[in-house]
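Residues per chain, in single letters:
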Amino acid sequence: MKLLLVVVMALLLQACDTELYTDLSEREANIMVASLARHGIAANRVVKEGGLMSVTVDEDYFAEAVGILDQLGLPEQKFSNLGTVFESNSLVSSPVQERAQMIHALSEELSHTVSQIDGVLSARVHVVLPDNDLLDRNSTPSSASVFIRYSPTLDVNPLIPKIKTLVANGIAGLAYDSVSVVPVVAEPLRVADGSSPVTLSSFLGISMPASSVTRAVWIFGLLLVLVLGLGGALGWLLWHQRRRGPYELETPP
């Protein structure tokens, strides 16, 4: 009976969860669940079809969990690679289309590389490659601008020259001085309304946020009353049947 109550409680509490993000890889889901746990919010991983996963959290902490993951730069940005950019259904692409695809592919590849730096939460690289005439002396030089959003704990100043060198060397004909980097620090993590981080409690062996314990007690009490009521009704039926005695078979005349 106790095992049955625990199972039913777990199912009822699971029904109170809401999905944060879906179609995640196992690595992405693990990172998000671990990050929320470090900030006192319990999250669960749910396996979906195709091996993808979703992350769920108690609906009372949905807004806070989204804010924490956003400030941590999670889930990670999705970038196109050269293969997906140049994947085309048409047999022949126009020169303008191929040039636009090349610029977009360069921007995506460089953005992905810069975002891999520890402490960089998100990054975007915008590349400008003018269509100059090779015989024109007054041609417009190529340029690039880099936007990075970084963690407050990161010392970004030593990284700026390295990022400029990385972008300049990644694009043919791009000079170091033609690369600009705009760093923006992310707001430090803080708990909403100045309250303390969410604490976890255990009820019947189930880990849950402390504020959910009251709801769990009510559910458990309601379930207990239901079980006792069914047990009492079953006992009364058995007692009533024994009082009447066994059924007697009527013989035909």
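Look above for the structure.
Residues numbered from 1 in each chain as written. Predicted model: local features only at pLDDT ≥ 70, side-chain atom pairs only at ≥ 80, totals over all residues. Heavy atoms only, no water.

Student: Just to check I follow, could you spell out unusual backbone geometry for this structure?
Tutor: When glycine is set aside, most residues are seen to have a negative phi, and most peptide bonds are trans. Here the residue pair Leu 74 and Pro 75 is connected by a cis peptide bond, since its omega of -5° sits within 30 degrees of zero. A positive phi angle, close to 55°, is found at Asp 23, a residue other than glycine. Structurally, Asp 23 is set in strand E1 (residues 17-24). Taking the relative accessible area as the measure of exposure, Asp 23 reaches 54% and is therefore exposed. (Helix = DSSP H or I, 4+ residues; strand = E, 2+ residues; numbered from the N terminus. Buried < 20%, exposed > 50% of the residue type's maximum accessible area, 1.4 Å probe, protein only.)

Student: Sorry, what's going on with the sheet that holds strand E2 (residues 43-47) here?
Tutor: As a general point, the strands of a sheet are linked pairwise by backbone hydrogen bonds and lie either parallel or antiparallel. Here we have three strands laid out as an open sheet, ordered E1-E3-E2, and antiparallel in their pairing. The sheet is open, and its two borders are formed by E1 and E2, each paired with just one other strand. Averaged over all pairs of adjacent strands, the angle between strand axes in this sheet comes to 25°, irrespective of strand direction. Relative to strand E3 (residues 53-58), E1 is paired through five bridges, and the arrangement is antiparallel. When the bridges of E3 are listed, Glu 19 appears paired with Thr 56. Running at roughly 35° to E1, helix H3 (residues 62-71) makes contact with E1 and E3 of the sheet. (Pairing = 2+ DSSP bridges. Axes fitted to C-alpha atoms, helices over the stretch in contact; angles between N-to-C directions. Contact = heavy atoms within 4.5 Å.)

Student: Please clarify how the packing of helix H5 (residues 95-115) against helix H6 (residues 159-170) should be interpreted in this entry.
Tutor: Helix-helix packing is described using two parameters, namely the angle between the two axes and the distance between the axes. Across the interface, H5 lies against H6 with an axial gap of 11 Å and an inter-helix angle of 150°. On the basis of the axis angle, H5 is roughly antiparallel to H6. For H5 against H6, the interelement crossing comes out right-handed. Side by side, H5 and H6 meet where Leu 106, Leu 110, Thr 113 and Val 114 of the first sit next to Ile 163, Leu 166, Val 167 and Gly 170 of the second. (Parallel < 35°, antiparallel > 145°, perpendicular 65-115°, else oblique. Left-handed = near helix turned anticlockwise from the far one by under 90°.)

Student: I'm lost on H3 in this one. Help?
Tutor: Among the residues of H3, Ala 65, Ile 68, Leu 69 and Gln 71 are the ones counted as buried. The arc that holds the buried residues of H3, viewed along the axis, is 165°, so those residues lie on one side. In this fold, the buried residues of H3 make contact with E1, helix H2 (26-38), E3, strand E4 (120-128) and strand E5 (143-150). In the segment just after H3, Gly 73 is the residue with positive phi, at about 75°. (Arc of directions from axis to C-beta.)

Student: Looking at this structure, how should I read H6?
Tutor: Side chains that are three or four residues apart share a direction in an α-helix, a result of its 3.6 residues per turn. In this model H6 runs 16 Å from its N-terminal to its C-terminal C-alpha over 12 residues, within 8% of the 16 Å that 1.5 Å per residue would give. For H6, every residue scored as buried is listed here: Leu 159, Ile 160, Ile 163, Lys 164, Val 167 and Ala 168. Summarising the axial view, the buried residues of H6 lie within an arc of 165°, below the 170-degree limit, and thus occupy one face. Exposed side chains of H6 directed beyond 90 degrees from the buried face belong to Lys 162 and Asn 169. Where H6 is buried, its residues touch H5, E4, E5 and strand E6 (179-185). (Expected span 1.5 Å × (residues − 1).)

Function cannot be inferred from these measures alone, as they are strictly geometric.
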